[in-house]
Amino acid sequence: MVAAFTVPLFLNMISSTLLEGARTKPVDFYVFAGFCLIYVVASRRLFENIALRLLGQMEMVRRDVGQLRQKRDEALVLAAQKAEIEAQKEAQKPAEPDPREVLSYNDVEILRALAEERFVYGNLAALCERTGLQREFVSQRLTVMKSLGVIETRINDKNVLHWFVSTRGAAVLNELLNAGNEARAQ
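As a starting point, this report considers the structure included with it.

Basis of the calculations
Residues numbered from 1 in each chain as written. Predicted model: local features only at pLDDT ≥ 70, side-chain atom pairs only at ≥ 80, totals over all residues. Heavy atoms only, no water. Helix = DSSP H or I, 4+ residues; strand = E, 2+ residues; numbered from the N terminus. Buried < 20%, exposed > 50% of the residue type's maximum accessible area, 1.4 Å probe, protein only. Contact = heavy atoms within 4.5 Å. Areas by Shrake-Rupley, 256 points an atom, 1.4 Å probe, with all protein chains shown as cover. Salt bridge = Lys/Arg side-chain N within 4 Å of Asp/Glu carboxyl O. Pairing = 2+ DSSP bridges. Arc of directions from axis to C-beta. Core = buried A, V, L, I, M, F, W, Y, C linked by side-chain atoms within 4.5 Å. Axes fitted to C-alpha atoms, helices over the stretch in contact; angles between N-to-C directions. Parallel < 35°, antiparallel > 145°, perpendicular 65-115°, else oblique. Left-handed = near helix turned anticlockwise from the far one by under 90°. Nonpolar A, V, L, I, M, F, W, Y, C, P; charged D, E, K, R; others polar. Expected span 1.5 Å × (residues − 1).

1. With respect to the overall build of the chain
Logical step 1: Helix and strand counts for the chain stand at nine helices and two strands.
Logical step 2: Listed N to C, the secondary structure of the chain is α-α-α-α-α-α-α-α-β-β-α in terms of helices and strands.
Logical step 3: For the chain, buried positions account for 20% of its 186 residues.
Logical step 4: Nonlocal contacts in the chain, meaning residues at least 24 apart in sequence, comprise 50% of its contacts between residues at least 6 apart.
Logical step 5: For the chain, the computed accessible surface area is about 14,500 Å², with 58% contributed by carbon and sulfur atoms.

Structure follows, in structure tokens:
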């Protein structure tokens with residue numbers, strides 16, 4: 001009905017004389033009514049096509065949003081699983097031992113010899129000479145102390161490995177020496 005009422009406007013826009021002719025000739029009135037009917041059918045079809053296109057686009061958007069939500073949920077699940085696996089790995093990882101509990105008397109002597117060196121770095125031969133311990137034993141204990149983080153290594157320009165006390169090692173050595181001095185004082 002709305003489309004039929006817009007026919008006179010359309011006819012006026014195209015400068016048609018059909019409306020004026022319908023006043024004088026009744027046959028032109030039937031032509032006008034037929035034109036209105038064709039206009040209504042065509043406009044109905046046009047509006048249906050527009051509505052179907054919009055509905056199709058809305059359905060596509062709904063599907064895309066659903067897929068995005070599904071991907072987000074999957075990503076959250078994967079992140080949670082990854083965090084859980086990391087937490088399990090962290091829980092299974094053995095705690096790093098306290099160097100004060102692991103170091104032996106000989107280890108402390110090696111650490112003291114490295115710390116008291118007049119040179120910044122100590123090498124294996126000098127450590128063995130200074131501590132009086134066997135080369136294999138000193139080498140093994142240096143490896144253990146390096147894994148504890150109390151000593152570090154560097155290679156000089158002549159490709160010789162030198163050992164030195166790390167910051168953590170200096171702190172541990174000071175604590176052990178202070179504890180020994182306090183025990184002697186009592």
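2. Observations regarding the pattern of salt bridges
Logical step 1: Enumeration over the complete set of coordinates arrives at seven salt bridges.
Logical step 2: In this structure, Glu 59 engages Arg 62 in a salt bridge whose closest nitrogen and oxygen atoms are separated by 3.1 Å. With Glu 59 and Arg 62 both in helix α4 (residues 26-92) and three residues apart, this pair spans about one turn of that helix.
Logical step 3: Exposure remark for Glu 59: the relative accessible area of 36% places this residue in the partly exposed category.

3. Some thoughts on the pairing of strand β2 (residues 161-165)
Logical step 1: When you tally the buried positions in β2, you get four out of five residues, the bulk of the element.
Logical step 2: Pairing of strand β1 (residues 151-155) with β2 involves five bridges; the strand directions are antiparallel. When the sheet's bridge partners are listed, Ile 151 is paired in β2 with Val 165.
Logical step 3: Between β1 and the antiparallel strand that follows it, β2, lie five residues; Asn 159 among them carries a positive phi value of about 65 degrees.

4. Quick word on helix α7 (residues 124-131)
Logical step 1: The set of residues buried in α7 consists of Leu 124, Leu 127 and Cys 128. Along the axis of α7, the buried residues cluster in a sector spanning 100 degrees; they form a single face.
Logical step 2: Where α7 is buried, its residues touch α6 (105-116), α8 (135-148) and β2.
Logical step 3: Of the residues flanking the end of α7, it is Gly 132, one or two places downstream, whose phi is positive at about 80 degrees.

5. A word on the nonpolar core
Logical step 1: Counting 19 residues, the largest nonpolar core has Leu 127, Leu 142 and Ile 151 as its most contacted members.
Logical step 2: Those elements that place two or more of their residues in this core are α6, α7, α8, β2 and α9 (167-185).
Logical step 3: Residues contacting Leu 142, with those up to four places away along its chain left out, are Ile 110, Leu 114, Leu 124, Leu 127, Ile 151 and Trp 163.

6. A few points about the environment of Asn 123
Logical step 1: One can find Asn 123 in the loop between α6 and α7.
Logical step 2: Sequence separation between Asn 123 and Val 160 is 37 residues; the distance between their C-alpha atoms is 7.8 Å.

7. Comments concerning the packing of α6 against α7
A pair of packed helices can be characterised by two numbers: the angle between their axes and the separation between those axes.
Logical step 1: Between α6 and α7, whose axes approach to 10 Å, the crossing angle comes to 115 degrees. The angle between α6 and α7 falls in the class roughly perpendicular. The way α6 lies across α7 gives a crossing that is right-handed. Counting all contacts with α6, which are made through Glu 109, Ile 110, Ala 113, Leu 114 and Glu 116, the residues of α7 involved are Leu 127, Arg 130 and Thr 131.
Logical step 2: Here the residues of the contact of α6 with α7 are counted per class, giving four nonpolar, one polar and three charged.

8. Comments concerning the side chain of Asp 107
Logical step 1: Tracing the sequence through the fold places Asp 107 in helix α6.
Logical step 2: Exposure remark for Asp 107: the relative accessible area of 0% places this residue in the buried category.
Logical step 3: The residues touching Asp 107, leaving out its near neighbours within four places in the chain, are Val 102, Arg 141 and Met 145.

9. A few points about α6
Logical step 1: Given a rise of 1.5 Å per residue, twelve residues ought to cover 16 Å, and the 16 Å separating the end C-alpha atoms of α6 matches this to within 8%.
Logical step 2: Listing the buried residues of α6 in full gives Asp 107, Val 108, Ile 110, Leu 111, Ala 113 and Leu 114.

Read these as spatial facts, not as claims about activity.
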